[in-house]
Every structure is written in C-alpha cells, then in structure tokens.
Amino acid sequence: MCWMSGRLTRDEALRLYRSAPTSQLGRMADDARRARHPDGIVTYIIDRNVNYTNVCVAKCRFCAFYRDVGSREGYALSFDEIYRKIDETMALGGGQLLLQGGHNPDIPLGWYEDLFRGVKSRYPDFRLHALSPPEVIHISRLSRLTVPEVIDRLVAAGLDSIPGGGAEILVDRVRKLLHCDNKATADEWLGVMRHAHRKGLRTTATMMYGTVETMEERIEHLFRLRELQDETGGFTAFIAWSFQPEHTELGGVEATGVEYLRTLALARLVLDNFDNLQASWVTQGGKVGQLSLAYGANDMGSVMIEENVVRAAGAEYCMDEFEVVRNIESAGFIPKRRNMHYAVLGDPIFRERDVPRMLELAVARADGRAGEGSDLQAYEARSAAMRRARQHASIAASSLAPSDRPAAD
Ligand code: SF4
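Given the structure is predicted, the values throughout are model-derived calculations rather than measurements.

Could you give an account of the overall build of the protein, with specific residues and numbers?
On a plain count of helices and strands, the protein comes out with 14 helices and 13 strands. In terms of overall size, the protein behaves like a compact globule, its C-alpha atoms giving a radius of gyration of 22 Å where 409 residues would be expected to give roughly 22 Å. Its C-alpha atoms give the protein principal-axis dimensions of about 85 × 50 × 40 Å. Across the 409 residues that make up the protein, the buried fraction comes to 57%. On the protein, roughly 17,400 Å² of surface is accessible, and the fraction owed to carbon and sulfur atoms is 50%.

Give a description of the environment of Leu261 that names residues and reports values.
You can see Leu261 is positioned in helix α10 (residues 257-270). For Leu261, a relative accessible area of 6% translates into the label buried. Placed 32 residues apart in sequence, Leu261 and Leu293 show a C-alpha to C-alpha distance of 9.7 Å.

So, the layout of surface pockets: which residues are in play, and what are the values?
For the second largest pocket, the calculated volume is near 400 Å³. Together, 19 residues line the second largest pocket, and Ser71, Gly371, Glu372, Met386 and Ala389 are the ones closest to its centre. Elements represented by at least two residues in the lining of the second largest pocket include exactly β3 (75-76), β13 (371-372) and α14 (384-398). Looking at which element gives the most residues to the lining of the second largest pocket, the answer is α14, with 5 residues. Looking at the lining of the second largest pocket residue by residue, the class counts come to 9 nonpolar, 6 polar and 4 charged.

Which residues make up helix α4 (residues 109-122), and what are the values?
The end-to-end C-alpha distance of α4 is 20 Å, a good match for the 20 Å that 14 residues give at a rise of 1.5 Å each. Within the span of α4, buried status applies to Leu109, Trp111, Tyr112, Glu113, Leu115, Phe116, Gly118, Val119 and Lys120. Its buried side turned inward, α4 meets α3 (79-91), β4 (96-100), β5 (127-130), α5 (133-143) and α6 (147-157).

If you had to explain the pattern of salt bridges to someone new, which residues and values would you point to?
Enumeration according to the criterion identifies 31 salt bridges in this entry. Across the pair Arg36 and Asp275 runs a salt bridge, and its minimum N-O distance is 2.4 Å. Placement of Arg36 in helix α2 (residues 22-36) and of Asp275 in the loop between α10 and β9 (276-278) is noted, with a sequence separation of 239 residues between them. Residue classification places Arg36 among the partly exposed positions, given a relative accessible area of 35%. Residue Asp275 is classed as partly exposed on the basis of its relative accessible area of 39%. Here Asp160 makes a salt bridge to Lys120, at a shortest N to O gap of 2.7 Å.

I'd like to hear about the packing of helix α1 (residues 10-19) against helix α9 (residues 215-232), residue by residue, with values.
Packing of α1 against α9 brings their axes to within 10 Å, and their N-to-C directions diverge by 130°. Accordingly, the angle class assigned to the pair α1 and α9 is oblique. As for how α1 packs across α9, the hand of that crossing is right-handed. Residue-level inspection shows Arg10, Ala13, Leu14, Tyr17 and Arg18 of α1 in contact with α9, the latter providing Met215, Glu216, Arg218, Ile219, Glu220, Phe223 and Glu227. Tallied by class, the residues present in the contact of α1 with α9 amount to 6 nonpolar, no polar and 6 charged.

Go over helix α11 (residues 281-291) with me, naming the residues and quoting the values.
Judged by how many residues are buried, α11 sits mostly within the fold: 9 of 11 residues are covered. Every buried residue belonging to α11 is among Trp281, Val282, Thr283, Gln284, Gly285, Gly286, Val288, Gly289 and Gln290, and all of these are buried.

An account of the side chain of Asp47 is requested, with residue identities and associated values reported.
By the element assignment, Asp47 lies in the loop between β1 (41-45) and β2 (48-51). No salt bridge is formed by the buried Asp47; its nearest oppositely charged neighbour, Arg338, is found at 6.7 Å. At a separation of 2.9 Å, a polar atom in the side chain of Asp47 contacts the side chain of Gln96. A polar side-chain atom of Asp47 sits 2.4 Å from a polar atom in the side chain of Ser302. When near neighbours in sequence (up to four residues on either side) are disregarded, Asp47 contacts Thr89, Gln96, Leu98, Ser302, Val303 and Ile305.

Conventions used here
Residues numbered from 1 in each chain as written. Predicted model: local features only at pLDDT ≥ 70, side-chain atom pairs only at ≥ 80, totals over all residues. Heavy atoms only, no water. Helix = DSSP H or I, 4+ residues; strand = E, 2+ residues; numbered from the N terminus. Rg over C-alpha atoms; globule rule 2.2 N^0.38 Å. Buried < 20%, exposed > 50% of the residue type's maximum accessible area, 1.4 Å probe, protein only. Areas by Shrake-Rupley, 256 points an atom, 1.4 Å probe, with all protein chains shown as cover. 1 Å grid on protein atoms, 1.4 Å probe; cavity = no way out; pocket = protein on both sides within 12 Å on 5 of 7 lines; lining within 4 Å. Points joined across faces, edges and corners; volume = space filled by probe spheres on them. Nonpolar A, V, L, I, M, F, W, Y, C, P; charged D, E, K, R; others polar. Expected span 1.5 Å × (residues − 1). Contact = heavy atoms within 4.5 Å. Salt bridge = Lys/Arg side-chain N within 4 Å of Asp/Glu carboxyl O. Axes fitted to C-alpha atoms, helices over the stretch in contact; angles between N-to-C directions. Parallel < 35°, antiparallel > 145°, perpendicular 65-115°, else oblique. Left-handed = near helix turned anticlockwise from the far one by under 90°. Lys, Arg positive; Asp, Glu negative; His and termini not counted. Polar contact = N/O pair within 3.5 Å; in protein donor to acceptor, adjacent residues only side chain to side chain.

What follows is the structure, given as structure tokens:
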C-alpha cells in the first residue's frame, strides 16, 4: 500500500498513524533517518539539566514539579550552587547547562543577566542552553519588555540557545484543558522561537503527548513545527516524550512504549526538514530508548547527571555516558559526543581520559533544603508572600542578641 505521495499531508499522516503496521512505520522512519544520517553515527551530549527554581505561578495540570509562591518546599538556587554544578559537569566532560525553571515572580530579568554574565566570566567556553519560550514570556511580562528585547538582553548576557520546553501540544484547545494557555498560547510559543531564530539563535522543539489531545491535534503540532522550520530553519532537533502522570493534578495512565515508537516514527516522517530526532530514554527507559534508534531517532539526548521534573512525576531512569554508549553500540551504531549545534566533538570521553561514573541522579537541592538562594535577596521581591517572608526574617534577625547574630561573610 502507498502511504504518502511526496511530502506528507495531514490526512496522510493520520492514516499512517491509524493504519500502518508498527513494523512498517518503523521501516519508513528508519529509511528517512538513514537518508539524513547515512554514516551510522548516533550522537549524544554531556550536559546537566539544572532547574534553578521550582516556584511557579503557571500551575500546569500535568506538572508534579512546581511549588506555589510562599511554599515551604519552594527553592531558588544561589549562583554559587549553580557554579558548583558547572564544576561537576565539567569534571564529567560536559560543556553545557540546560537551565530551566518555574515562573517565579521574585526572580527578575537582572538576576538572569547577572547569572549568565557570572557563568561566562568564570567559564568562557561553557554554553548556556536556557529558558524555554514560556519562561522568556514570563520574564517579558515581569519586566514589561517585549520578547525580542528580553532575548536581546539575555543574549548580550551570555544566552547561547533556547530549549524547546513548554510546547506540550501546540493547539490552544489542549493548552486550555491543561491550564498552560496562560503561560503561552501555541502562537506565542512559536512566536518566541521565530524571534530567537531571526536573531540567529538555534533552538530545539519538543512535544509532550498522551494527555487530552486527539491524534489529529498531535499531528497538528508536528505540522506547526514543520511550517516554522520551513520559514526559519532554526530548529536543531525534535524531542517527543510521553506525559508522566504520577503526582500530577491531571493523573491518568502513561502512554505505552509502542505508542511512543509510533509517534516518534511519524514525527520523523512529518518533520522532513529536521535533521535530528532525540530518543527520550529519560521517560521510556534505556531499552525503548535503544529501540528508538530503529524508529527514526539519531540522537540519544543528554547523559543524565541531574533530573528533577520528570522524576517528580515518577520517571527514574538514569544512564551515564558509559551506559548511553553501550546502548548505542549494541544497537549497531557509532557513538559520538556532540554539542548543542549537533557538531561532533569526538569519541566517548571515558575512552579518552578517566572520568568519574555517576549512577546516582543528582537533584536540584537535597531534600529538606528549600528557600531562596542568598544572592536573590539582592533583588526586590515582587510577590506578597516573599515580601512577608523577608520581613519576618529581618524581624527575627533584629530580635536576636548581638552575640547570637550570624557573622556576615
Ligand atoms: S510545567 Fe513549568 S510552567 Fe508549568 S507548572 Fe510546571 S514548572 Fe510551572
């Protein structure tokens, strides 16, 4: 049976997803992957996924990670904590942070600029893949600047590229039901990426499926990405993952592994203008992640050093560089380290020099250590909860006898 006539249309994509046998869909995606990557190389990156704050006003119904403003479990990392994470990442051969967080009303644009400048002055070659489109929109609303102005300021401070988080499904009916239309409508998410691409930044694109969307809406998401890529060519890669329901308000059950592989294969066929598709082994586990390489993926994403978001919703898969490489090689491919632009950097670093293995996933903060990082106090608090908390802290400090006060450092 002939499934497509030239470039895939929405109707053909739907028919393929609904009716093509999984093995056939996989073969078609594998052929498309091989046409773009005939050398048999599968790439991965060593970077660290750092969530600088879990305080968020967006309250997406699918999220188990966020805490309300004023929550005792809320945190915002200090610059020193983030620098320490960079040191650890570099020791493992990494050269980039994926830096994302909640929409914290008490973190102003100046905090991000100071952090980025601090990182670049200490680690000039280290890359900042930071702030998904909804975070950029949140900062633009807080600072009363336009999105292009915010991107300009962040780039001047050291932003290198933008991660594609917060796309979920780019259809507003779905976004309303998930309570994520306020953080960014479909057009707003695409608008940030369009501005970023026009300014020469490269970005990734994502899709979180398996919540309330129909198959037609999942396909619409892919086509909206394909259309923007036709216009700008700024996306480096596409990453799909399934909704992780544990501890979320939305709840429900997770999509199966076969549904993941079919969705990935379909994405490879629709997104004929994307070079790279990542395997989401963080949500699917190493074994399905490895199978993804036969269903259109040509990249294993990041080795895992730290994860907080999907872990909060129940996913606990962890692979260090050694494991990622073992999975790539046993699937018959050649593993290569890459950077954010998908330029190959070399062979596995553990074959070049001794690097510590890291099988335990790090988290943003050790349990029970919430609170704002000390340098955030230098910026004006915007939320009533934070202003009250700071007032109580200063009253408590001034009521201590001088000998009980902590020494300034
Ligand atoms: S997904 Fe992001 S924006 Fe939504 S509630 Fe969670 S941290 Fe906030």
